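Fold and geometry: a report
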Amino acid sequence: PDGLASFQVVVEPREFVTRKGFDGLLPTFELTPLAAETIARIHDRLRAVPGIESVGGMTHQPVNSLVIPRFAVWPAPTPAEPSRQPSSRTVAGFLVTPDFFATMRTPVLRGREVSDGDGRTAPPVVVINQVAERLLFPGRRALGERLVVDLYAGAPAREVIGVVAD
């Protein structure tokens, strides 16, 4: 888009990430509160710059990144079908900040973006695009459904709070 500025922030991992354990052969990590506080300070400073309309961030640049994280995802079992074994799909996924989709001018078709209230102490949430909605929830709307994102063993289901355009 015209007028979009993009940059990368490189941080010292040991200050922002703690090792949580292992999921098979791969280590799992958790962001420290300092990571969220630092990102919030950067966003606040950018919003104060005259002419900046919106600020949002994500963990990887989807076009320029050589590493695009992929995760297995599947609809969480429902009380009506607790033993149903849904099939999983592998999808690209990113952590995003509030206002990311507004900044990228990606329409939110149903629901909402993540907000400051969706922090560490809030129930986990996810925003998906139209293709993911069709693949994971065929024939029905995903908003309010629960989705397991296999970030680590025993990861909790996340509520789908928004569906954005592809």
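Everything numeric here is computed off the predicted structure, so don't read it as measured data.

Below, the discussion takes up the pattern of salt bridges. Scanning the model with the defined rule gives seven salt bridges in all. A salt bridge links Glu-53 to Arg-105; the shortest N-O distance between them is 3.7 Å. Of this pair, Glu-53 sits in the loop between helix H2 (33-47) and strand E3 (70-75) while Arg-105 sits in the loop between helix H3 (100-103) and strand E5 (108-111), placing them 52 residues apart in sequence. Here Asp-118 and Arg-112 are joined by a salt bridge, their closest N and O atoms 2.8 Å apart. By relative accessible area, which is 35% here, Arg-112 ends up partly exposed. A network of salt bridges, in which partner residues are shared, links Asp-44, Arg-47 and Asp-99.

Right, let's get into the side chain of Thr-103. Summarising the element assignment, Thr-103 is placed in helix H3. Classification of Thr-103 by relative accessible area gives buried; the value is 16%. Excluding its chain neighbours within four sequence positions, the residues that come into contact with Thr-103 are Leu-4, Ser-54, Val-55 and Gly-56.

To continue, consider the pairing of E3. On a regular strand, each side chain points to the face opposite its neighbour's, so the side chains alternate between the two faces of the sheet. Bridging between E3 and strand E4 (residues 89-92) involves four bridges; their strand directions are antiparallel. In the strand pairing of E4, Ala-72 is matched with Thr-90. Two strands pair when backbone bridges link them, and E3 and strand E7 (residues 146-149) are joined in this way by three bridges, in the antiparallel orientation. The residue of E7 that forms the bridge with Pro-75 is Leu-147.

So, how was this worked out
Residues numbered from 1 in each chain as written. Predicted model: local features only at pLDDT ≥ 70, side-chain atom pairs only at ≥ 80, totals over all residues. Heavy atoms only, no water. Salt bridge = Lys/Arg side-chain N within 4 Å of Asp/Glu carboxyl O. Helix = DSSP H or I, 4+ residues; strand = E, 2+ residues; numbered from the N terminus. Buried < 20%, exposed > 50% of the residue type's maximum accessible area, 1.4 Å probe, protein only. Contact = heavy atoms within 4.5 Å. Pairing = 2+ DSSP bridges.

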